[in-house]
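# Report on the structure
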Amino acid sequence: MRLVLFFDLPVATAKQRKDYRIFRKFLLKDGFLPLQESVYAKLVVNDAAAGSAIARVRKNRPPAGLVQILRVTESQFATMDYITGDRPAYEEVDTMEELLIL
């Protein structure tokens, strides 16, 4: 299963820009990979892991702005159409080939 996270955060003030940077660093540290500028995805093994990841995002969310998370299955994620860009550059996000479950 994948969690696809979308966010739209204000960056008008220095405090808002700092909150944005802190939230983005949290996402990367928590295992989210950027798909686009404000769209990140994370591979999770089951609903319990998805729930835990969502709880961590809620705990670390910035005080302003909008954050949304969409749960999609691997088969749904694999059917994503790439309209522009170089698909081979994104292969590391699209495969479970080297998934290690501890």
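Residues numbered from 1 in each chain as written. Predicted model: local features only at pLDDT ≥ 70, side-chain atom pairs only at ≥ 80, totals over all residues. Heavy atoms only, no water.

- Going by an unreviewed UniProt entry, the protein chain carries the name CRISPR-associated endoribonuclease Cas2 and comes from Ellagibacter isourolithinifaciens.
- Taken verbatim from the UniProt record of the protein chain, the Sequence similarities (unreviewed entry) comment is "Belongs to the CRISPR-associated endoribonuclease Cas2 protein family."
- Per UniProt, the protein chain carries the Cofactor (unreviewed entry) text "Mg(2+)". (UniProt positions renumbered as here; feature names shortened; annotations may be inferred.)

### Section: the UniProt feature "binding site: Mg(2+)" (unreviewed entry) in the protein chain
- As annotated in UniProt, the feature "binding site: Mg(2+)" (unreviewed entry) corresponds to Asp8 in the numbering used here.
- Residues contacting Asp8, with those up to four places away along its chain left out, are Gly65 and Leu66. (Contact = heavy atoms within 4.5 Å.)

### Re the pattern of salt bridges
- A full pass over the atoms with the stated rule returns five salt bridges.
- Taking the shortest distance from any N to any O, the salt bridge between Arg2 and Glu74 comes out at 2.6 Å. Of this pair, Arg2 sits in strand S1 (residues 2-8) while Glu74 sits in helix H3 (residues 74-78), and the two are 72 residues apart along the sequence.
- With relative accessibility at 3%, the residue Arg2 sits in the buried group.
- With relative accessibility at 18%, the residue Glu74 sits in the buried group.
- A salt bridge links Asp19 to Lys15, with the shortest nitrogen-to-oxygen separation between them at 3.0 Å. Of the two residues, Asp19 and Lys15 both sit in helix H1 (residues 14-29), four residues apart, roughly one turn of that helix. (Salt bridge = Lys/Arg side-chain N within 4 Å of Asp/Glu carboxyl O. Helix = DSSP H or I, 4+ residues; strand = E, 2+ residues; numbered from the N terminus. Buried < 20%, exposed > 50% of the residue type's maximum accessible area, 1.4 Å probe, protein only.)

### Notes on the nonpolar core
- Residues Leu3, Leu5, Phe7, Phe23, Leu27, Phe32 and Val57 are the most contacted members of the largest nonpolar core, which totals 15 residues.
- Within the residue set of this core, elements represented by two or more residues are S1, H1 and helix H2 (47-59).
- Excluding residues within four positions of it along the chain, Phe32 makes contact with Leu3, Leu5, Leu27, Tyr40, Ala41, Lys42 and Val57.
- Val4, Ala41, Val72 and Phe77 belong to the second-largest nonpolar core, a separate cluster that totals five residues. (Core = buried A, V, L, I, M, F, W, Y, C linked by side-chain atoms within 4.5 Å.)

### What about the environment of Gln68?
- Among the structural elements, Gln68 can be located in strand S4 (residues 66-72).
- As for Gln68 and Ile54, which are separated by 14 residues in sequence, their C-alpha atoms are 9.8 Å apart.
- Excluding anything up to four places from it in sequence, Gln68 contacts Val4, Leu5 and Phe6.

### Here's the deal with H2
- Between its first and last C-alpha, H2 extends 18 Å over 13 residues, near the 18 Å set by a 1.5 Å rise per residue.
- By the burial criterion, the buried members of H2 are Ala50, Ala53, Ile54 and Val57. The arc that holds every buried residue of H2, seen down its axis, measures 100°, which confines them to one face. Residues Ala48, Arg58 and Lys59 are exposed on H2 and point more than 90 degrees away from its buried face. (Expected span 1.5 Å × (residues − 1). Arc of directions from axis to C-beta.)

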